[in-house]
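Spelled out from the first residue to the last, the chains are:
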Amino acid sequence: MEKLETILKTLNDKLAEDVKVIDLDSSSIADKFVIASGGSINQTRALADYIEDDLEKEGYSILSKEGLREGEWILLDAGDIIVHIFTQKQREFYDLDNLWEN
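Right, let's walk through the structure included here. What you are looking at is a predicted structure, and each value in this text was computed from that prediction instead of being measured.

About the criteria used
- Residues numbered from 1 in each chain as written.
- Predicted model: local features only at pLDDT ≥ 70, side-chain atom pairs only at ≥ 80, totals over all residues.
- Heavy atoms only, no water.
- Helix = DSSP H or I, 4+ residues; strand = E, 2+ residues; numbered from the N terminus.
- Rg over C-alpha atoms; globule rule 2.2 N^0.38 Å.
- Buried < 20%, exposed > 50% of the residue type's maximum accessible area, 1.4 Å probe, protein only.
- Contact = heavy atoms within 4.5 Å.
- Areas by Shrake-Rupley, 256 points an atom, 1.4 Å probe, with all protein chains shown as cover.
- Salt bridge = Lys/Arg side-chain N within 4 Å of Asp/Glu carboxyl O.
- Phe/Tyr/Trp six-rings, centres within 6.5 Å; stacked < 30°, edge-to-face > 60°.

Quick look at the overall build of the protein chain now. For the protein chain, the helix and strand inventory stands at four helices and five strands. Counting from the amino terminus, the protein chain carries its helices and strands in the arrangement α-β-β-α-β-β-β-α-α. Over its C-alpha trace the protein chain gives a radius of gyration of 12 Å, about what one expects of a compact globule, namely 13 Å for 102 residues. Here the protein chain holds 102 residues, and 38% of them are scored as buried. Partitioning the contacts of the protein chain with sequence separation of at least 6, the portion at a separation of at least 24 is 55%. For the protein chain, the exposed area adds up to about 5800 Å²; of that, 46% sits on carbon and sulfur atoms.

Okay, the pattern of salt bridges next. In this structure the tally under the stated criterion is seven salt bridges. K32 serves as the salt-bridge partner of D23, at 2.3 Å between the closest nitrogen and oxygen. Among the residues examined, D23 registers a relative accessible area of 31% and is labelled partly exposed. With its nearest N and O atoms 3.8 Å apart, the salt bridge here joins K57 to D54. Taken as a pair, K57 and D54 lie in helix α2 (residues 41-57) at a separation of three residues, close to a single helical turn.

All right, on to the packing of aromatic side chains then. Within the structure shown, the criterion is met by three aromatic pairs. With a centroid separation of 4.6 Å and an interplanar angle of 50°, the aromatic rings of W73 and Y94 are classed as tilted. You can see W73 sitting in strand β4 (residues 73-77) and its partner Y94 sitting in helix α3 (residues 88-94), a full 21 residues away along the chain. You can call W73 partly exposed: its relative accessible area is 30%.

Locating T87 in the fold gives a position in strand β5 (residues 81-87). Overall, the relative accessible area of 10% leaves T87 in the buried class. Beyond its immediate stretch of four places on either side in the chain, T87 contacts G38, S40, I41, T44, G71 and E72.

The next subject is the environment of D80. Residue position: D80 is located in the loop between β4 and β5. Residues D80 and A46 lie 34 residues apart in sequence; the distance between their C-alpha atoms is 22 Å. Each residue touching D80, except ones within four places of it in the same chain, is listed here: K3, A30, D31 and K32.

Right, here's the structure in full:
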């Protein structure tokens with residue numbers, strides 16, 4: 001399974017909310033952002049753990065992780081894909097959906 005497909009399947013299976021993929025065609029940061037929300041800090045942490053586990057099963061790795069302790073905005077750097085997992089309050093505050101939308 002491809003990396004993006006694995007991430008999206010995991011988010012769907014674990015009931016992440018409002019999952020969105022943003023193509024970053026002209027960015028040197030990554031090829032894609034995946035943005036999702038969790039219903040609580042416990043869920044955002046669990047989603048991050050499940051994504052990491054499922055990617056490892058498929059032979060991919062996470063290069064770095066940020067925000068696990070606080071759990072309000074977790075960033076997983078999977079190389080060409082960066083996953084942002086927010087609580088709803090933080091997602092609305094930072095509004096990455098609109099900031100990075102083409």
